[in-house]
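One-letter residues, chain by chain:
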Amino acid sequence: MEHNYPIKRIVDDEGFLVDMSFEKQIDEQLVRNLYYHMLRIRTFDRKAINLQRQGRLGTYAPFEGQEAAQVGSALALNADDWVFPTYRDHGATITFGKNMATTFLYWNGRVEGCVAPADKNIFPPAVPIATQLPHAVGAAWAEKRRGTQNAAIAYFGDGATSEGDFHEGLNFASVFKVPVVFFNQNNGYAISVPIEKQMNSATIAQKSVAYGMPGFRIDGNDCFAVYFETKKAFDYARVGNGPTLIEAVTWRKGAHTTADDPSKYRSEEQGKNFVDPLIRLELFMKNYGYWNDEWIQATREDTTSEVEAAVVEMEKFPPPNVADVFDHVYAEMPAQLVEQKQAYLAHLGRL
Ligand SMILES: Cc1ncc(C[n+]2csc(CCOP(=O)(O)OP(=O)(O)O)c2C)c(N)n1
Ligand SMILES: [Mg+2]
C-alpha cells in the first residue's frame, strides 16, 4: 500500500528545488518568515531544556527536528482559525500567536500557561492522547454552521492514531464535511514504542481512504512542502469540501520529554536520514540567493533576546501551586476530589 503514498517534497536534503512548479510561489518574504519562526522556536526549545536542567522549569516536551512541520503548518492558517495542539506543538502555537512567557509558564505548572491570547483561538495543549481531535472537529463544525470561512487544525502524533478519538474524529468530520485539517507529525515513536509496533498499516495517510477524505504523505522536514500542502488542505476545507488528513514524516531529535532517555530504545543511526529542517532551509537560502549574513545575524539576536525576555517574564510568577491541579478541573469540585485534595495537601504537610 505504501507506494500509493509517496512522500511529497518540494526541496531536497541538499536544499535544491525538486518540484519546479513552486519556484514562482516561493519569494523572499516567505523564506524569511519560515526561517525566522523556525529559528525562534528552536531558540525557545533549547532554552526550555536548559531551564529544566537548571531546575527552573518543570518536565518539558522538546520538538527539535519538527520545526518545519510546526512552523510550515501554523503559517498556513488564517488569523481566525482554530488550533488544537498536543504537548509537543508549542512551536506551532507560538508561531500562531501564543505568548512565549505564557508557554514557559505552562511548563512551569502555572495555570496562566493555559490561557490563550484573547485574539487567538488556541486550545490548551492536550496531554491525553488524541482527545483534541473530536474537539477540533466540534469547533470546525460550529464555524461551518455559523457560515464562516474559518477552519481548525488538529495536531497529533503517530501514536494518537491508535486511539478511538482519532477514528471518531475523522469519521464525524468526514460525515459532516467539517472544515478541519488533521495534521499528523509522524516522528516514528510514541514515547519508546516504534510505529511498526503500534500499527499494521504502511502509512498513516492511507487511513484517510476508510474515511473518504483526501490523505497526503509529505516530508515533514521540508518547510515548503508542509506550508503549501497545509494551505491546500485549508483552501479545500474553507469552501465546504470537508477534512484532509496530512501525514508529515519527521523525526524527534531529542527525548520524548526531559524525563526520558531515548538511548534506551533507539540508536543514533535511526535518525540519520532526516536532515535537520533548519539546515535544509539554510542550504536552500544559500543555493537560491536568499542568504544574507546581516539579516541572519540580526534574526539570531532578535530571537535570542525575545526568548531571554520571556524567561524574565515567566520568573516574575511565584512557583506553581499544587492545589491548581484540583481547582481547575470542575466548576464545582465533586466531593471525592475535595477529599483527594485534602489528603494530598496533608501528605505534603501543607494543611
Ligand atoms: C490516553 C493516553 N494514553 C497514554 C498516555 C501516555 N502518553 C503520553 S505521550 C504518549 C505517546 C504519544 O505518541 P505520539 O502520539 O506519537 O506523539 P509524540 O509524543 O511522538 O509527539 C503516551 C502514550 C497519554 N498521555 N494519554
Ligand atoms: Mg510520535
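That block above? That's the structure.
Residues numbered from 1 in each chain as written. Chains lettered and ligands numbered in written order. Predicted model: local features only at pLDDT ≥ 70, side-chain atom pairs only at ≥ 80, totals over all residues. Heavy atoms only, no water.

Visitor: I would appreciate a short explanation of the site of ligand 1 in the present structure.
Guide: The environment of ligand 1 is formed by 15 residues, the closest being Tyr87, Arg88, Gly159, Asn187 and Tyr189. Here Ile129 contributes a backbone N or O atom positioned 3.1 Å from a nitrogen atom of ligand 1. Backbone polar atom of Gly159 to an oxygen atom of ligand 1: 2.8 Å apart, as the coordinates give it. The fraction of the free accessible surface of ligand 1 (580 Å²) that becomes covered by protein chains is 71%. For the shell around ligand 1, a count of residues per class yields 8 nonpolar, 4 polar and 3 charged. (Near = heavy atom within 4 Å. Polar contact = N/O pair within 3.5 Å; in protein donor to acceptor, adjacent residues only side chain to side chain. Areas by Shrake-Rupley, 256 points an atom, 1.4 Å probe, with all protein chains shown as cover. Nonpolar A, V, L, I, M, F, W, Y, C, P; charged D, E, K, R; others polar.)

Visitor: What's the story with the nonpolar core in this structure? I'm lost.
Guide: One broad rule of soluble globular proteins: the nonpolar side chains tend to lie buried together. Counting 47 residues, the largest nonpolar core has Ile10, Ile26, Phe104, Phe224, Leu281, Phe284 and Met285 as its most contacted members. Those elements giving two or more residues to this core turn out to be helix H1 (28–53), helix H2 (67–74), helix H4 (100–107), helix H9 (223–238), helix H10 (277–287) and helix H11 (293–314). Considering each element in turn, this core owes the most residues, 10 residues, to H1. Those residues in contact with Phe104, other than ones at most four positions away along the chain, are Phe44, Lys47, Ala48, Leu51, Leu57, Val307, Ala310, Val311 and Met314. Core analysis: the second largest hydrophobic core is formed by 24 residues, Trp82, Val178, Ile204 and Met213 among them. (Core = buried A, V, L, I, M, F, W, Y, C linked by side-chain atoms within 4.5 Å. Buried < 20%, exposed > 50% of the residue type's maximum accessible area, 1.4 Å probe, protein only. Helix = DSSP H or I, 4+ residues; strand = E, 2+ residues; numbered from the N terminus. Contact = heavy atoms within 4.5 Å.)

Visitor: What am I meant to see in the coordination of the magnesium ion (ligand 2) here?
Guide: Four donors placed tetrahedrally about a metal ideally form angles of 109.5 degrees, and six donors placed octahedrally ideally form angles of 90 or 180 degrees. With distances of 2.1 to 2.2 Å, the protein atoms coordinating the magnesium ion (ligand 2) are Asp158 (OD), Asn187 (OD1) and Tyr189 (O). Mapped onto the sequence, the residues coordinating the magnesium ion (ligand 2) show the spacing D-x28-N-x1-Y. Placement of Asp158 in the loop between strand S3 (152–157) and helix H6 (164–175) and of Asn187 in the loop between strand S4 (180–186) and strand S5 (189–190) is noted, with a sequence separation of 29 residues between them. When sorted by exposure, Asp158 lands in the same class as Asn187, which is buried. (Donors = N, O, S within 2.8 Å, 3.2 Å for Na, K, Ca; no water.)

Visitor: Please clarify how the side chain of Asp45 should be interpreted in this entry.
Guide: Turning to its location among the elements, Asp45 is positioned in helix H1. Although buried, Asp45 forms no salt bridge, and the nearest oppositely charged side chain, Arg46, lies 6.3 Å from it. Beyond its immediate chain neighbours, meaning those up to four positions away, Asp45 contacts Tyr60, Ala61, Pro62, Phe63 and Glu64. (Lys, Arg positive; Asp, Glu negative; His and termini not counted. Salt bridge = Lys/Arg side-chain N within 4 Å of Asp/Glu carboxyl O.)

Visitor: What should I look at first to understand the packing of H1 against H10 in this one?
Guide: A pair of packed helices is captured by two measures, namely the crossing angle of their axes and the spacing between those axes. Between H1 and H10, the least distance of the axes is 10 Å, while the angle of their chain directions is 150 degrees. As judged from the angle between their axes, H1 and H10 are roughly antiparallel. Here H1 runs over H10; the crossing is left-handed. In this structure, H1 uses Val31, Leu34, Tyr35, Met38, Leu39 and Arg42 to contact H10, whose residues at the interface are Pro277, Leu278, Leu281, Glu282, Phe284 and Met285. The class makeup of the residues in the contact of H1 with H10 is 10 nonpolar, no polar and 2 charged. (Axes fitted to C-alpha atoms, helices over the stretch in contact; angles between N-to-C directions. Parallel < 35°, antiparallel > 145°, perpendicular 65-115°, else oblique. Left-handed = near helix turned anticlockwise from the far one by under 90°.)

Visitor: Help me understand empty space enclosed by the protein, please; the structure alone is not making it clear to me.
Guide: If a probe as big as a water molecule is rolled over the atoms, it shows which places are left empty. Going through the model one piece at a time under the given rule, you end up with 2 cavities of 30 Å³ or more. Its boundaries defined by the atoms lining it, the largest cavity holds a volume of some 70 Å³. As for the largest cavity, its lining consists of Pro85, Thr86, Asp89, His90, Thr93, Lys98, Thr103, Tyr106, Trp107 and Pro125. Sorting elements by how many residues they give to the lining of the largest cavity places H4 first, with 3 residues. As for the second largest cavity, its lining consists of Val11, Asn221, Asp222, Cys223, Phe224, Pro277, Arg280 and Leu281. Taken together, the elements giving at least two residues each to the lining of the second largest cavity come down to H9 and H10. In terms of residue count, H10 provides more of the lining of the second largest cavity than any other element does, 3 residues in total. A breakdown of the residues in the lining of the second largest cavity according to their chemical character gives 5 nonpolar, 1 polar and 2 charged. (1 Å grid on protein atoms, 1.4 Å probe; cavity = no way out; pocket = protein on both sides within 12 Å on 5 of 7 lines; lining within 4 Å. Points joined across faces, edges and corners; volume = space filled by probe spheres on them.)

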